[in-house]
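As a plain string of letters, each chain reads:
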Amino acid sequence: MIGFAGTLPKRKNSFALVLLSSLLLGFLVGVQHAIQADHVAAVASIAAEKKSSRSIIRHGVAWGIGHTLTLFLIGGACLLLASSIRDSISSLLELVVGVMLVLLGSNLIYRLWRDRVHFHAHKHEAELPHFHAHSHRGEAAAHAISRHDHWHPRNIPWRTFSIGLVHGVAGSAALVVLTASTLESPWWGMVYILIFGLGSVVGMAALSAVIAIPLSRSADRLTMVNRSFQMAIGFVTCGLGGYIVAQRFPSAMALF
């Protein structure tokens, strides 16, 4: 009895070590997950319209929160009900992501063509001077006498949040649920999904900071350079979305 009792603390310590290692791995995998090509393309297509580094990072965080929310809700339901996501449904969701990327890239390209976007240096009260992009779409007056009034929105980036929601139910969501199901209980599996989601938020925030560097630097110097960055992001996003649609369309149609 004494020998058996002495093994209990060791088993508990071993379980705790395995659990902590699994959660840490989930965080790191979440960081890596955030920089997948379709995620990068989606956030970059929206970040390209922003010129403030803080705004771009805020959009990255909004994507990560939306991504984590749906992943937690759907993944948690699968764990508690001991069910899984069918391959055909997963393919259909990825098809939706592909269509979304095509629309995001097309919208960015169309906006560049439609609007007369350029930059001006200005400041607000005691703030340091900064650059801001705006357009004169629909104005007939010459640029020199046209209005340059504008305001800086502080609202929640709901569009980026919604894109994160879509990404959270598509693609590797099934793999995350499968990994989480190997833990001791479904509740620890849900904790794993939350930690994974936190990693994706951190990863996308860091990636957004990197994306912000060429966009903000080019905005400070040349409108044409910045527009070239945006145009490249638009075409790459459309191309990646088209590729995903072509890859997932046949298997997604198996549902119908």
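Conventions and cut-offs
Residues numbered from 1 in each chain as written. Predicted model: local features only at pLDDT ≥ 70, side-chain atom pairs only at ≥ 80, totals over all residues. Heavy atoms only, no water. Helix = DSSP H or I, 4+ residues; strand = E, 2+ residues; numbered from the N terminus. Buried < 20%, exposed > 50% of the residue type's maximum accessible area, 1.4 Å probe, protein only. Contact = heavy atoms within 4.5 Å. Areas by Shrake-Rupley, 256 points an atom, 1.4 Å probe, with all protein chains shown as cover. Axes fitted to C-alpha atoms, helices over the stretch in contact; angles between N-to-C directions. Parallel < 35°, antiparallel > 145°, perpendicular 65-115°, else oblique. Left-handed = near helix turned anticlockwise from the far one by under 90°. Nonpolar A, V, L, I, M, F, W, Y, C, P; charged D, E, K, R; others polar. Core = buried A, V, L, I, M, F, W, Y, C linked by side-chain atoms within 4.5 Å. Phe/Tyr/Trp six-rings, centres within 6.5 Å; stacked < 30°, edge-to-face > 60°. Salt bridge = Lys/Arg side-chain N within 4 Å of Asp/Glu carboxyl O. Patch = residues over 30% accessible without salt bridge, like charges linked within 9 Å, V, L, I, M, F, W, Y side chains within 5 Å.

**A short note on the overall build of the protein chain**
- The secondary structure content of the protein chain amounts to eight helices and two strands.
- The secondary structure elements of the protein chain, listed N-terminal to C-terminal, are α-α-α-α-β-β-α-α-α-α.
- Burial analysis of the protein chain (256 residues in total) assigns 41% to the buried set.
- Intrachain contacts of the protein chain at a sequence separation of at least 6 include 77% that bridge at least 24 residues.
- Accessible area for the protein chain stands at about 14400 Å²; split by element, carbon and sulfur atoms hold 69% of it.

**A word on the packing of helix α2 (residues 37-47) against helix α3 (residues 53-81)**
- The geometry of α2 relative to α3 is characterised by a closest axis approach of 10 Å and an angle of 140° between their N-to-C directions. The angle between α2 and α3 places the two elements in the oblique class. Read as a crossing pair, α2 and α3 show a hand that is right-handed. For the pair α2 and α3, the contacting residues are His39, Val43, Ile46 and Ala47 in the first and Ile56, His59, Gly60, Trp63 and His67 in the second.
- Residues belonging to the contact of α2 with α3 are distributed by class as follows: five nonpolar, four polar and no charged.

**Re the environment of Val201**
- Within the secondary structure, Val201 sits in helix α7 (residues 186-221).
- Along the backbone, Val201 and Gly30 are 171 residues apart, and their C-alpha atoms lie at a distance of 8.0 Å.
- For Val201, the contacting residues outside a window of four places in its chain are Val61, Gly64, Ile65 and Thr68.

**Quick notes on the nonpolar core**
- Counting 23 residues, the largest nonpolar core has Trp63, Leu101, Leu104, Ile163 and Met204 as its most contacted members.
- When residues of this core are traced back to their parent elements, those giving at least two are α2, α3, α4 (87-114), α7 and α8 (223-252).
- For this core, the leading source of residues is α2, giving six residues.
- In this structure, Leu23, Val176, Met190 and Tyr192 belong to the second largest nonpolar core, which totals eleven residues.

**Digging into the packing of aromatic side chains**
- This model, assessed by the stated rule, comprises one aromatic pair.
- On the basis of an interplanar angle of 90° and a centroid distance of 5.7 Å, the ring pair of Trp158 and Phe161 is categorised as edge-to-face. Highlighted residues: Trp158 and Phe161, both in helix α5 (residues 158-168), separated by three residues, approximately one helical turn.
- By relative accessible area, Trp158 is classed as exposed at 52%.

**Quick look at the pattern of salt bridges**
- Applying the stated rule across the entire model yields one salt bridge.
- Here Arg248 and Glu94 are joined by a salt bridge, their closest N and O atoms 2.9 Å apart. Of this pair, Arg248 sits in helix α8 while Glu94 sits in helix α4, and the two are 154 residues apart along the sequence.

**What about the packing of α2 against α4?**
- Packing of α2 against α4 brings their axes to within 9 Å, and their N-to-C directions diverge by 30°. It follows from the interaxial angle that α2 and α4 lie roughly parallel. α2 and α4 meet at a crossing whose hand is left-handed. Contact with α2, carried on its side by Asp38, Ala41, Ala42, Ser45 and Ile46, involves Val97, Leu101, Leu104 and Leu108 of α4 and no other residues of that element.
- Among the residues forming the contact of α2 with α4, the class breakdown is seven nonpolar, one polar and one charged.

**Description of the side chain of Ser22**
- By the element assignment, Ser22 lies in helix α1 (residues 2-34).
- The residues touching Ser22, leaving out its near neighbours within four places in the chain, are Leu183 and Tyr192.

**Description of a nonpolar patch on the surface**
- On the surface, Leu69, Leu73 and Ile74 cluster together to form a nonpolar patch covering roughly 250 Å² of accessible area.
- If you trace the backbone, Leu73 turns up in helix α3.
- With relative accessibility at 53%, the residue Leu73 sits in the exposed group.

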